[in-house]
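Results of the structural survey
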Amino acid sequence: MSAEEPQEQEDDEDLRYFVRIGQTDLDGTKSVERSLTEMNGIGRRTARLIAEEAGVDRTATFGRLDDDVIDGVIEVVENYADEVPDWLNNRQDDFYSGETTHEIGNDLQLTRQHDINRMKMIDSYKGTRHKRGQKVRGQRTKSTGRTEGTIGVNVEEIREEQAEEAAEEEGEGE
């Protein structure tokens, strides 16, 4: 039992707890595939393809990899759009440039926000729904998506109000 503890401490020295890709810190204690999915714009399928392209075992702990291997993964992430078919990218035929790219991290959030603002400015149907804070993609709104605090009828409150009113009327009647 005591023989195992020093090995764990030695392993912890080799472990990088945070691996930085772009502007995102990834958890080094998780597997390569699981860590990559923490980035915006990279899902499970994309993470698997990136690990395969970099020649890394996707189940290996990300923080235990050599610096050269981690640099290879970072390079594959940055050049992901060039290595996959267009239908696998998340930004096809950009409105302004017409290019097909794969946005990750903060770039994805900024691009999405620009798209929503453009829809609001041109008063498209989706833009109008965004302005009003209503559901955009055709979901039902009759019973869900209500922002007000009261839902249904609070019977106890109504009974208390009626009891107070009745007490006031009795007091006035005398």
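Everything that follows concerns the structure shown earlier in this document.
Residues numbered from 1 in each chain as written. Predicted model: local features only at pLDDT ≥ 70, side-chain atom pairs only at ≥ 80, totals over all residues. Heavy atoms only, no water.

Across its full length, the protein carries eight helices and two strands. Element order for the protein, N to C, with α for helix and β for strand: α-β-β-α-α-α-α-α-α-α. Sorting the 174 residues of the protein into buried and exposed places 25% on the buried side. When contacts within the protein are restricted to residue pairs at least 6 apart in sequence, long-range pairs at least 24 apart make up 42% of them. Within the structure as shown, the protein displays about 13,300 Å² of accessible surface, and the carbon and sulfur contribution to it stands at 43%. (Helix = DSSP H or I, 4+ residues; strand = E, 2+ residues; numbered from the N terminus. Buried < 20%, exposed > 50% of the residue type's maximum accessible area, 1.4 Å probe, protein only. Contact = heavy atoms within 4.5 Å. Areas by Shrake-Rupley, 256 points an atom, 1.4 Å probe, with all protein chains shown as cover.)

Below, the discussion takes up a nonpolar patch on the surface. Taken together, the side chains of Val-153, Val-155 and Ile-158 define a hydrophobic patch exposed on the protein surface, amounting to about 260 Å² of accessible area. Examined against the element boundaries, Ile-158 turns out to sit in helix α8 (residues 155-173). (Patch = residues over 30% accessible without salt bridge, like charges linked within 9 Å, V, L, I, M, F, W, Y side chains within 5 Å. Salt bridge = Lys/Arg side-chain N within 4 Å of Asp/Glu carboxyl O.)

What follows covers a negative patch on the surface. Negative charge collects at one region of the surface, where Glu-156, Glu-157, Glu-160, Glu-161, Glu-164, Glu-165, Glu-168, Glu-169, Glu-170 and Glu-172 lie side by side. Relative to the helices and strands, Glu-170 is located in helix α8. The exposure class of Glu-170 is exposed, given its relative accessible area of 55%. (Lys, Arg positive; Asp, Glu negative; His and termini not counted. Charge placed at Lys NZ, Arg CZ, Asp CG, Glu CD.)

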